Protein chains: 2
Amino acid sequence: MNLKQIAPGEIEKRSFEIIEEELGRELDPVLKPIIKRVIHTTADFSYADTLFFSENAVEKGLQALREGVSIITDTNMGRAGINKKKLEKYGGKVHCFMADEDVAAAALAQQTTRAAVSMDKAAAMQEDFIFAIGNAPTALIRLYELIQEEKIRPRLIIGVPVGFVNVVEAKELILTAGVPVIVARGRKGGSNVAAAICNALIYQL
Amino acid sequence: MNLKQIAPGEIEKRSFEIIEEELGRELDPVLKPIIKRVIHTTADFSYADTLFFSENAVEKGLQALREGVSIITDTNMGRAGINKKKLEKYGGKVHCFMADEDVAAAALAQQTTRAAVSMDKAAAMQEDFIFAIGNAPTALIRLYELIQEEKIRPRLIIGVPVGFVNVVEAKELILTAGVPVIVARGRKGGSNVAAAICNALIYQL
């Protein structure tokens with residue numbers, strides 16, 4: 001079958017070695033675990049060039065997680081991909097409000113997206129949060145507005161929606177919000193990428 | 001903010017138009033909805049070249065879904081990404097056995113992966129299934145073995161694990177299993193891609 005006989009636990013280790021070999025350049029040691037895990041999740045080396053980290057974003061994200069800060073996602077798929085067991089040891093949870101009935105009703109009433117309303121719901125909770133946005137540019141736009149209005153102060157925004165309409169612009173916008181961000185510039189990203197970045201942080205705790 | 005004012009419902013339509021424009025070539029009309037949705041999910045046009053469809057795979061998948069055949073995934077992330085509401089109208093469900101305690105125990109006892117044991121669990125149910133494998137090459141390898149042993153006859157296998165070790169080989173292997181397959185050849189894929197292919201089928205019902 002031409003399949004390498006490798007124990008399950010060895011596969012991830014070997015994968016990370018291959019990624020490092022093929023990247024062929026040194027990465028900032030603080031950013032490396034995140035860049036490598038995103039490439040591991042996508043098999044797409046272009047993320048080594050497109051992932052943008054604001055100053056000390058990784059350190060600030062790790063600090064928040066250590067304090068038990070919870071994560072808000074904009075898809076249940078992203079939520080499903082995050083290692084909740086390890087996060088919960090530090091007191092953090094993962095919330096996704098997208099399927100909540102009050103969110104659907106408010107989105108309909110306000111003629112906006114459920115993703116935007118989900119951000120309002122998070123802001124109303126008056127808690128510290130990390131946001132992991134892998135799908136909806138409108139979530140990033142609403143977060144930007146809420147930050148401008150001083151209604152929320154995210155500890156970290158992982159801004160990695162994927163797509164062709166308003167996605168590039170929303171990601172560039174959130175870079176200017178004045179809070180710690182990790183952003184995949186350009187069109188690429190996704191809930192899988194958002195979850196991978198969360199996990200790359202969580203595994204370092 | 002340089003953001004186009006587009007109603008939420010229009011964004012997907014416009015995205016698909018952009019994808020079609022940039023692809024710049026005609027796709028087989030049967031395969032087109034699937035290829036376009038995978039590109040929509042990943043912003044990665046290379047899937048137009050790497051997605052492989054066995055003869056009448058799409059038609060056979062649609063027929064199975066219309067009959068109420070359920071989908072088995074190898075991640076809860078993939079499960080979360082599939083449009084279950086529409087699927088359930090036809091009688092189908094989405095199962096993921098990866099977090100089941102009996103699966104974890106059997107994987108430990110047999111020194112294999114939970115993904116492989118999940119396939120055994122599906123086979124033991126003696127039902128028709130569609131498999132949507134976005135993560136574990138060992139799930140594809142075990143499915144191949146179960147098919148050879150005539151213990152299972154999947155109605156369709158969506159074989160799109162992502163990764164660097166055994167992934168390419170496992171996907172090439174499943175192509176030879178003699179059952180309908182949709183496979184992303186090469187390293188790329190993922191649970192998001194598996195869910196996108198399922199949804200591209202479901203939205204056509």
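The name an unreviewed UniProt entry assigns to chain A is Precorrin-8X methylmutase, from the organism Eisenbergiella massiliensis.

**Student:** So what exactly am I meant to see when it comes to the sheet that holds strand β2 (residues 70–73) of chain A here?
**Tutor:** Two pairing modes exist for strands in a sheet, parallel and antiparallel, and in both the strands are linked by backbone hydrogen bonds. Residue and element names in this part refer to chain A. Strand order in the open sheet formed by six strands is β1-β6-β5-β4-β2-β3, and the pairing between neighbours is mixed. Pairing within the sheet leaves two strands with one partner each, and these edge strands are β1 (51–53) and β3 (94–96). Within this sheet the neighbouring strands show an average axis-to-axis angle of 15 degrees, counted without direction. Note: β2 against β3, three bridges, orientation parallel. Note on β3: the bridge partner recorded for I72 is H95. Most of the contacts of helix α11 (residues 191–202) go to strand β5 (residues 156–159), to which it runs at about 140 degrees, and overall it touches β1, β2, β4 (129–133), β5 and β6 (181–184).

**Student:** Any chance you could explain helix α10 (residues 167–174) of chain A here in plain terms?
**Tutor:** Each α-helix winds once per 3.6 residues, and so residues spaced three or four apart point in a common direction. Residue and element names in this part refer to chain A. Taking burial as the measure, the eight residues of α10 include six buried ones, the bulk of the element. Restricting attention to buried positions, one finds in α10 the residues V167, E169, A170, K171, L173 and I174. In this fold, the buried residues of α10 make contact with α9 (137–148), β5 and β6.

**Student:** In this structure, what is going on with the relation of the copies chain B and chain A? I would like to understand it.
**Tutor:** What relates the pair of chain copies is a rotation about an axis plus a shift along that axis. You can overlay chain B on chain A at an RMSD of 0.0 Å; the transform is a turn of 180 degrees with a shift of 0.0 Å along its axis. Taken together, these values place the two copies in the relation of a two-fold axis. Within chain B, the C-alpha atom positioned nearest to the axis of rotation is that of B:M77, 2.5 Å from it. Mapped onto chain A, 100% of the interface residues of chain B again fall at the interface, so both copies present the same surface.

**Student:** Help me understand the state of the cysteines, please; the structure alone is not making it clear to me.
**Tutor:** Note on terminology: a disulfide is the covalent bond linking the sulfur atoms of two cysteines. Residue and element names in this part refer to chain A. This structure, assessed with the given rule, holds zero disulfides over all chains. Here C198 stays free of any disulfide, with the sulfur of C96 as its closest cysteine sulfur at 12 Å. Exposure remark for C198: the relative accessible area of 1% places this residue in the buried category.

**Student:** Looking at this structure, how should I read the interface of chain B and chain A?
**Tutor:** A common way to express how large an interface is: the accessible area buried when the components associate. Counting residues at the interface gives 39 residues for chain B, matched by 39 residues for chain A. Regarding the contact of chain B and chain A, the summed buried area is about 3,300 Å², with carbon and sulfur atoms giving 69% of it. Scanning the region where chain B abuts chain A turns up two salt bridges. Between A:R187 and B:E22 there is a salt bridge whose closest N-O contact spans 2.5 Å. At the junction of chain B and chain A, the tally comes to three residue pairs in polar contact (both at pLDDT 80 or more). Elements represented by at least two residues in the side of chain B that touches chain A include exactly α1 (8–23), α2 (32–42), α5 (76–81), α9 (137–148), α10 (167–174) and α11 (191–202) of chain B. Examining the composition of the side of chain B that touches chain A, we find that seven residues originate from one element, α1(B), more than from any other. When the residues that make up the side of chain B that touches chain A are grouped by side-chain class, the tally is 19 nonpolar, 12 polar and eight charged.

Definitions and cut-offs
Residues numbered from 1 in each chain as written. Chains lettered and ligands numbered in written order. Predicted model: local features only at pLDDT ≥ 70, side-chain atom pairs only at ≥ 80, totals over all residues. Heavy atoms only, no water. Pairing = 2+ DSSP bridges. Helix = DSSP H or I, 4+ residues; strand = E, 2+ residues; numbered from the N terminus. Axes fitted to C-alpha atoms, helices over the stretch in contact; angles between N-to-C directions. Contact = heavy atoms within 4.5 Å. Buried < 20%, exposed > 50% of the residue type's maximum accessible area, 1.4 Å probe, protein only. Least-squares fit on C-alpha atoms with pLDDT ≥ 70 in both. Disulfide = S-S within 2.5 Å. Buried area = accessible area lost by both parts, 1.4 Å probe. Salt bridge = Lys/Arg side-chain N within 4 Å of Asp/Glu carboxyl O. Polar contact = N/O pair within 3.5 Å; in protein donor to acceptor, adjacent residues only side chain to side chain. Nonpolar A, V, L, I, M, F, W, Y, C, P; charged D, E, K, R; others polar.

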